[in-house]
Structure formats: C-alpha cells, structure tokens
Amino acid sequence: MTVEFNEHDGSLRLTQTEFDRLVSHRPGAALMRATAATTEGPHPILAPGLAVVTESVCRMDIELTDGDGERKRGDGWVAPHGAALLLDVDGGLRDFVALPAPLLPAALARLVRLGPRPMMEDGPLYIGDDAHQALRSGTVPAVTVPEPGPLAAALTTGRWRYWAVTATWRSLDGRYVSAAVRVLDTAEGWCRFEKIDGDVYATPCNATAIWRELTLLLPDEVAPVGGPV
C-alpha cells in the first residue's frame, strides 16, 4: 500500500511520489482510494499542511544516521501560518505531519530523542572531516577518532546516532541563508559538531544547549518567496 490516511486525525503515510502528486494537485488512484484526495483537491484536513509546503518561506533538511548504518531523512517547511514535516519511516514510506510553527522545535526534539545524557569531559574533541563524513553517511559499521577517550569508546560500540537539521531561507535583503545544528548522540553524552580553524571538532554539551540551538535555528524574520525555497 502506497498511501495510508486517517481522515479523523489527519495522519498520512505515503511514498514520495504520491506526496509529490498530492502537493501538485495531480492525485492518482492510490490517493483517491485512500480518501486523501479527490479530483477536486486534497482532503480538507490536509489542506492547511499542504499550503505550508507550497507557501513556505523556509526549508529544512533533516539527516539521521545510526551506528548500525541505518539512514533516514526528513524534509520540513515553515510558513507564516504553520509548519510541516515529511519524515522517512520503514518500507520506503514517509509520514506527513502538519503543526503550528512554535511547536516545531519540540517535534524535532522528539524525532531525535533529545533527553538527559552523561556529560563528557570539557573541551572540543578533534574528530576530523573524514570521521565526520563517515558518521553522516553511515558507510562504516564503526567510526574511530584520532583521540582516545569516552567518545572514541562510544563510537567503537556502534551505539551512536548522528543527526543534523539544516534550515535555509531568503533573508530580507534577498540572499539565501542557512543555519544548521549537527549533533552526535552517544551513551557517553551529547556532542555538537563545529569547525575550529578549518578542522572538525565534537564539543561535549547537554540536552539543554541543543534544545536552545533548535529553538534559535529559524530567524525571527524571513522574506516570503511565493513558493517553496
């Protein structure tokens, strides 16, 4: 089944192809059979969320990679009247979720399982670009870092998750701007990635600091662009 829709709560699970059809108002048999749309347009409960997609002023890209190599992606949209997420689930399907924009940071925090962890030693830990890219891609079962310690031990066990949320928008002066939160979640604690003098470091932090970054990810003002970024 390529479309699963509940008209009572608006939950929608579908393939990327069917989502593209729904957004472009070209519903096929699968969408209509699931009652997610008719020839006249999407179901009324879905209309506000789909309007966020077509009228977005900010786009979001979400990456999640586990230590076992499993990778999932998500897309997000923010408009003056709301926010929406399209998230990978099993079986090649994606969940579409519409929500008020102020609740977006909380939804992202639930997605990445933000919560209490131990605190690693102070100070940025050198990890290097190669290891950072390996964490992002999930192309290796375990990743080593140049410096020994709790982070290296946590990565060796494979019990880690890398995630990143990148927001892109058009500023009031017409330029495209982006901001990102890049994080490593391990049993030993949280780290956020940053570049220092051109090298990639993992800086230990706590859930409160990451929550603050998520809440500040979007700018206070973005310029409407008349369609998706």
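Here goes a summary of the coordinates provided. The model shown is predicted, which means the values in this text are computed figures rather than measured ones.

Considering the layout of surface pockets
- Roughly 240 Å³ of volume is contained in the largest pocket.
- As for the largest pocket, its lining consists of 14 residues, of which Leu64, Lys72, Asp88, Leu111 and Arg161 are closest to the centre.
- At the level of elements, strand S5 (58–66), strand S6 (71–79) and strand S7 (82–88) are the ones that each hand at least two residues to the lining of the largest pocket.
- Looking at side-chain class alone, the lining of the largest pocket contains four nonpolar, one polar and nine charged residues.

Quick look at the sheet that holds strand S1 (residues 3–5)
- An order of S1-S2-S8-S7-S6-S5-S10-S11-S12-S13-S9 is seen for the eleven strands of this open sheet, with the pairing classed as antiparallel. Each end of this open sheet is capped by a strand with a single partner; those strands are S1 and strand S9 (125–126).
- In the sheet, S5 pairs with S6 via eight bridges, with the strands oriented antiparallel. Within the sheet, the bridge partner assigned to Asp61 lies in S6 and is Asp75.
- Its contacts with the sheet put helix H3 (residues 47–54) on S6, S7 and strand S8 (94–99), and the angle it makes with S7 is roughly 90°.

So, unusual backbone geometry
- Residues other than glycine seldom take positive phi values, yet His25 does so here, at roughly 55°.
- The topology assignment puts His25 in the loop between helix H1 (16–23) and helix H2 (29–33).
- Positive phi is not limited to glycine here, since Thr35 has a value of about 65°.
- Mapped onto the fold, Thr35 is located in the loop between H2 and strand S3 (37–38).
- Assessed through its relative accessible area of 39%, Thr35 is described here as partly exposed.

A word on the pattern of salt bridges
- Counted under the stated rule, the structure contains 14 salt bridges.
- The salt bridge partner of Arg136 is Glu63, with a shortest N-O separation of 3.0 Å. One end of the pair, Arg136, is in helix H5 (residues 129–137); the other, Glu63, is in strand S5, with 73 residues separating them in the sequence.
- The partly exposed category is assigned to Arg136, whose relative accessible area is 25%.
- Salt-bridge contacts for Asp185 lead to Arg117; the nearest nitrogen and oxygen are separated by 2.8 Å. Of this pair, Asp185 sits in strand S11 (residues 176–186) while Arg117 is found in the loop between helix H4 (104–111) and S9, placing the two residues 68 residues apart along the sequence.
- It is possible to trace a salt-bridge network through shared partners that takes in Arg59, Asp61, Arg73, Asp75, Asp88 and Arg94.

Overview of a negative patch on the surface
- Taken together, Asp129, Asp130, Asp197 and Asp199 make up a surface patch of like negative charges.
- Relative to the helices and strands, Asp199 is located in strand S13 (residues 199–205).

Some words on H4
- Where H4 is concerned, the buried positions are Leu104, Pro105, Ala107, Leu108 and Ala109.
- Arg113 occupies a position one or two residues after H4 and carries a positive phi of about 60°.

What counts, and at which threshold
Residues numbered from 1 in each chain as written. Predicted model: local features only at pLDDT ≥ 70, side-chain atom pairs only at ≥ 80, totals over all residues. Heavy atoms only, no water. 1 Å grid on protein atoms, 1.4 Å probe; cavity = no way out; pocket = protein on both sides within 12 Å on 5 of 7 lines; lining within 4 Å. Points joined across faces, edges and corners; volume = space filled by probe spheres on them. Helix = DSSP H or I, 4+ residues; strand = E, 2+ residues; numbered from the N terminus. Nonpolar A, V, L, I, M, F, W, Y, C, P; charged D, E, K, R; others polar. Pairing = 2+ DSSP bridges. Contact = heavy atoms within 4.5 Å. Axes fitted to C-alpha atoms, helices over the stretch in contact; angles between N-to-C directions. Buried < 20%, exposed > 50% of the residue type's maximum accessible area, 1.4 Å probe, protein only. Salt bridge = Lys/Arg side-chain N within 4 Å of Asp/Glu carboxyl O. Patch = residues over 30% accessible without salt bridge, like charges linked within 9 Å, V, L, I, M, F, W, Y side chains within 5 Å. Areas by Shrake-Rupley, 256 points an atom, 1.4 Å probe, with all protein chains shown as cover. Lys, Arg positive; Asp, Glu negative; His and termini not counted. Charge placed at Lys NZ, Arg CZ, Asp CG, Glu CD.

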